[in-house]
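Structural overview for review
Residue-level listing of the chains:
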Amino acid sequence: WTIMRKRGTMAKILIVDEELSLYNTLVLNHKYILTLCTNSTDALITIRNEEINLMICESKIQDTESPILIKEARKYSKFLPIILLTGTGTYDIAVEALKAGADNLIKKPIPITQLVDEIDSTISKKEIEFNNQKNETEFNYSEIDQFINKNLFKKDLVSLLTQKFNMSRSSLHRTLKKEYGKSLG
């Protein structure tokens, strides 16, 4: 499965939290489909079996710590956007969760409008990251060979390549290094 969704469809969000009242307004928002879990076991089963566009995880979970859940979730999807919600006194857990792969950290209580903005922003950032990775893996190497041979003696070859293939310099470097074992200076 993938985190991508068809344009215009509602995002499916997995909520892992014992306190579910905060999320009632999200349902009324008509922008999201929610799946609610109160423990990490159910959350991981959901991640494995359903198409999820975002996970919101409370820092304190019933059967494990959030960094452990996040690390396990990352094994199933490198690109699943994950937001960690924290209360007071959870600084150490928040730091560990970010190290484990959380994309965003939000302190509770949070106004629902701000939560909606954070959800949309986090999903958008991950979709861009996913698309960039996808572009790198679906790169047409014969096309780049032809382009390099045609423009080999041009002074700004790297700039021409980044424009032609719509890639950043770092993405171009990684792509060339992976395929050819070296990059252009």
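Residues numbered from 1 in each chain as written. Predicted model: local features only at pLDDT ≥ 70, side-chain atom pairs only at ≥ 80, totals over all residues. Heavy atoms only, no water.

**Section: the overall build of the protein chain**
Counting its regular elements, the protein chain contains 8 helices and 5 strands. When the helices and strands of the protein chain are listed from N to C terminus, the series reads β-α-β-α-β-α-β-α-β-α-α-α-α. Counting all 185 residues of the protein chain, 43% fall into the buried class. Sequence separation of 24 or more characterises 59% of the internal contacts of the protein chain that already satisfy a separation of 6 or more. (Helix = DSSP H or I, 4+ residues; strand = E, 2+ residues; numbered from the N terminus. Buried < 20%, exposed > 50% of the residue type's maximum accessible area, 1.4 Å probe, protein only. Contact = heavy atoms within 4.5 Å.)

**Considering the sheet that holds strand β3 (residues 54-58)**
Read across the sheet, 5 strands follow the order β2-β1-β3-β4-β5 without closing on themselves; strand pairing throughout is parallel. Here the strands that pair on one side only, and so sit at the sheet edges, are β2 (32-37) and β5 (104-107). Adjacent strand axes in the sheet meet at a mean angle of 20° when their direction is disregarded. As defined by bridge partners, strand β1 (residues 11-16) adjoins β3 across 4 bridges and the pair is classed as parallel. Note on β3: the bridge partner recorded for V16 is C57. (Pairing = 2+ DSSP bridges. Axes fitted to C-alpha atoms, helices over the stretch in contact; angles between N-to-C directions.)

**Regarding the packing of helix α3 (residues 66-76) against helix α4 (residues 91-100)**
Running from N to C, α3 and α4 point in directions that differ by 10°, and their axes come no closer than 8 Å. One element, α3, and the other, α4, form an angle in the roughly parallel class. In this structure, α3 contributes S66, P67, I70, K71 and R74 to the contact, and α4 contributes I93, E96, A97 and A100. Split by residue class, the contact of α3 with α4 holds 5 nonpolar, 1 polar and 3 charged. (Parallel < 35°, antiparallel > 145°, perpendicular 65-115°, else oblique. Nonpolar A, V, L, I, M, F, W, Y, C, P; charged D, E, K, R; others polar.)

**As for the confidence of the model for the protein chain**
Interpretation of the predicted coordinates at a detailed level should be avoided for regions scoring low in pLDDT. Averaged over all residues, the pLDDT of the protein chain equals 80, while 85% of them reach at least 70. Ranking the elements of the protein chain by mean pLDDT puts helix α1 (residues 24-28) last, at 67, and helix α2 (residues 40-49) first, at 92. Predicted confidence is poor over residues 1-5, with pLDDT under 50, and the contacts of this stretch with residues over four places away or in other chains come to 28 contacts. (pLDDT = per-residue confidence, 0-100.)

**Digging into the pairing of β3**
Most of β3 is tucked away: 5 of the 5 residues are buried. Of the two faces of β3, the one carrying L54, I56 and E58 and the one carrying M55 and C57 are both buried. Where β3 lies against strand β4 (residues 82-86), 4 bridges are found, and the strand directions are parallel. Along β4, the bridge assignment pairs I56 with I83. You can see the chain leave β3, run along α3 and come back into β4, and the turn it takes is right-handed. (Right-handed = clockwise from strand over helix to strand, strands pointing away.)

**Quick word on helix α8 (residues 169-180)**
Look at α8: 16 Å from first C-alpha to last across 12 residues, which is about the 16 Å you get at 1.5 Å a residue. Within the span of α8, buried status applies to S171, L172, T175 and L176. Across the axial projection of α8, the buried residues extend over an arc of 125°, all falling on one side. Along α8, the residues that are exposed and aim more than 90 degrees away from the buried face are R169 and K178. (Expected span 1.5 Å × (residues − 1). Arc of directions from axis to C-beta.)

**Brief notes about α2**
For α2, the complete set of buried residues consists of S40, A43, L44, T46 and I47. One side of α2 carries all its buried residues, which in axial view fall inside an arc of 160°. On its buried face, α2 is in contact with β1, β2, β3 and α3. Here α2 starts with a cap whose side-chain oxygen sits 3.2 Å from the backbone nitrogen of T41, and that cap is N39. (Polar contact = N/O pair within 3.5 Å; in protein donor to acceptor, adjacent residues only side chain to side chain.)

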